[in-house]
Protein chains: 2
Amino acid sequence: MHRTKVRIVEDALDANNTIARANREDFDRHGVTVVNLMSAPGAGKTSLLEQVLAKPSAMRVGVLEGDVQGSLDAQRLAALHVPVVQLNTGSGFGGECHLDANMVRSALPSLPLDELEMLVIENVGNLVCPAEFRVGEDARVMVSSVAEGEDKPLKYPLMFRACELVVINKIDLLDHVDFDLDKYLHHLDSVHPGVERLLVSARTGEGVDVFGEWLGARAGRPLALEA
Amino acid sequence: MHRTKVRIVEDALDANNTIARANREDFDRHGVTVVNLMSAPGAGKTSLLEQVLAKPSAMRVGVLEGDVQGSLDAQRLAALHVPVVQLNTGSGFGGECHLDANMVRSALPSLPLDELEMLVIENVGNLVCPAEFRVGEDARVMVSSVAEGEDKPLKYPLMFRACELVVINKIDLLDHVDFDLDKYLHHLDSVHPGVERLLVSARTGEGVDVFGEWLGARAGRPLALEA
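Described below are features of the structure shown in this document. (Residues numbered from 1 in each chain as written. Chains lettered and ligands numbered in written order. Predicted model: local features only at pLDDT ≥ 70, side-chain atom pairs only at ≥ 80, totals over all residues. Heavy atoms only, no water.)

### Thoughts on the interface of chain A and chain B
And step 1. Each side of the interface is counted separately: chain A has 41 residues, and chain B has 41 residues.
And step 2. Counting across the chain A and chain B interface gives six salt bridges.
And step 3. Between Lys155(A) and Asp73(B) there is a salt bridge; the shortest N-O distance is 2.4 Å.
And step 4. Summed over the shared surface of chain A and chain B, the result is 13 residue pairs in polar contact (both at pLDDT 80 or more).
And step 5. For the side of chain A that touches chain B, the elements supplying multiple residues, two or more each, are α1 (2–29), α3 (72–78), α5 (152–155) and α6 (157–162) of chain A.
And step 6. Taken together, the residues that form the side of chain A that touches chain B break down as 20 nonpolar, seven polar and 14 charged. (Contact = heavy atoms within 4.5 Å. Salt bridge = Lys/Arg side-chain N within 4 Å of Asp/Glu carboxyl O. Polar contact = N/O pair within 3.5 Å; in protein donor to acceptor, adjacent residues only side chain to side chain. Helix = DSSP H or I, 4+ residues; strand = E, 2+ residues; numbered from the N terminus. Nonpolar A, V, L, I, M, F, W, Y, C, P; charged D, E, K, R; others polar.)

### So, the pairing of strand β6 (residues 165–169) of chain B
As a general feature of sheets, a regular strand has side chains that alternate between the two faces.
All names here are of chain B.
And step 1. In terms of burial, β6 is a largely internal element, five of the five residues being buried.
And step 2. Judged from the five bridges that link them, strand β5 (residues 139–145) and β6 form a sheet pairing that is parallel. The residue of β6 that forms the bridge with Ser144 is Ile168.
And step 3. The pairing of β6 with strand β7 (residues 196–199) spans four bridges and is classified as parallel. In the sheet register, Val166 faces β7, and the bridge partner there is Arg197.
And step 4. Read as a crossover between parallel neighbours, the route from β6 over helix α7 (residues 181–191) to β7 is right-handed. (Buried < 20%, exposed > 50% of the residue type's maximum accessible area, 1.4 Å probe, protein only. Pairing = 2+ DSSP bridges. Right-handed = clockwise from strand over helix to strand, strands pointing away.)

Function-wise, these values are silent; they only describe arrangement.
Set out below in C-alpha cells:
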C-alpha cells in the first residue's frame, strides 16, 4: 500500500518534470525569464508585486496568478495594467494546494509571451507542496513574513531549500512581534546555507527597489532547470 | 486522465472517512472530545495552546502535534507538562501537507486516551488540504491571523466553511497592519454565514480565556461526525 503510493507519487513527479521542461523550452524560445513566487497564505506576495510593478520599468513583466478560487489578486495587478492571467486550482476536490507544470502549461496560450521579458508565477499560498513541483521556472523566490515566527525555516525546510531567494517581508512589524531576526537567519542558514535574502516591507516600500533589481538581474542570466 | 485522477481522489477520501469513523469510535469509547486545530503557517496555533494550557484546568488535555518535520511545537507544549505526541508527515515526498485519518490512527497507541478528556490535534500549517480530511474529530477550529489580510476567507473558502469556530488571532497587531476587521467579518459571513468567531491575542492573552471556555463547553457536548 505504502510502496504503491510512493510509486504513484514518483510517477506524478516524473510526468510533472517532463511537462516543466516543455514549458521551459517555450519560455526560452520567447526569451521570457520565469520566476516562481511562493509563500504561506498572507505573507504578502501580491502586495510585493504591486509595489514592484507600480514603478516604471524597462522590462515588460506578466503575471500568472495561482489561486484555489477567485481572482482578487489578479484584479489588483490588472489595475496596474500588468498582463495577468488567473489560474484557479479549485476544480479538483476542494482545490489543489499548489500549481504544477501541467496547470501552468494550460495557461500558456492565454499569455502574451512574445511581449514579455519576465513572467512571475504567483503560486498558491502554501509552504509545503509548491516546493515539490517545478513548473519550468528559471528561479524560485519565497516570501517569508516576520509575523509568521522565526521557526518557519526549521518547520518547512524543503520550501526554504528549494528557493534561490528568501524575501523577508513585513519588517515594519519587527517592533510589534516576537521575532528574533538573528535567530531566524541562523535557522535559515541551517537549512539553506548562504541562500540570498532581502529584508523588505511591502507596506512601507522599504527594500522593494532592491527586490526589483534582483528580478531585473535575473532576466539577464537565467538559471538551469534542475527538474 | 482527469477522470482517473478524480476517481483516485474520491477513493482516497472514502478510505479516509472509514478510518476517521474508526478513530471517532475509539475517542468516544474513551470519552475524549477531539478538536482539529488548523491554520496557515505561523498563525499562532501553538502559542494559543500554550496560553490555554498554561492555566489550571479541571480538564486533562492532550495534544497531537502534526508537522512536516521536527518537534519544536511538541517541545514547547511538553514544557507545560501536557501529554503530547509528535506526528511527522515528512516520510513521503517532501512531506504531506496535512494530517489524514490514518496518520492520526497510527498515533493512537502512543496517546494516553484513558487519562484525557480532550485531545487537540494541531494540524500541519496549511489553508487548503487539512480542510479536506476528517480525522475523527468532534469539532474543527481554525486560527486566522490578522497579519494575513482580510481577503483570506474569500481565497480559502473551504477551510473557513469546514470549521465550527474561527479564532481571529494577533489582534494586538490591528493598529499596525492594513486589516479592516469589518471587511474581514463580511467576507467570513459570505463564505460561512454566522460561524462562531473569537477575537484573541496569544501574545497579550486577550480573549484566551474565552477560547478556553469554548473548548471546555465542547467537551460537554460532542458534535456528530459529518464524515
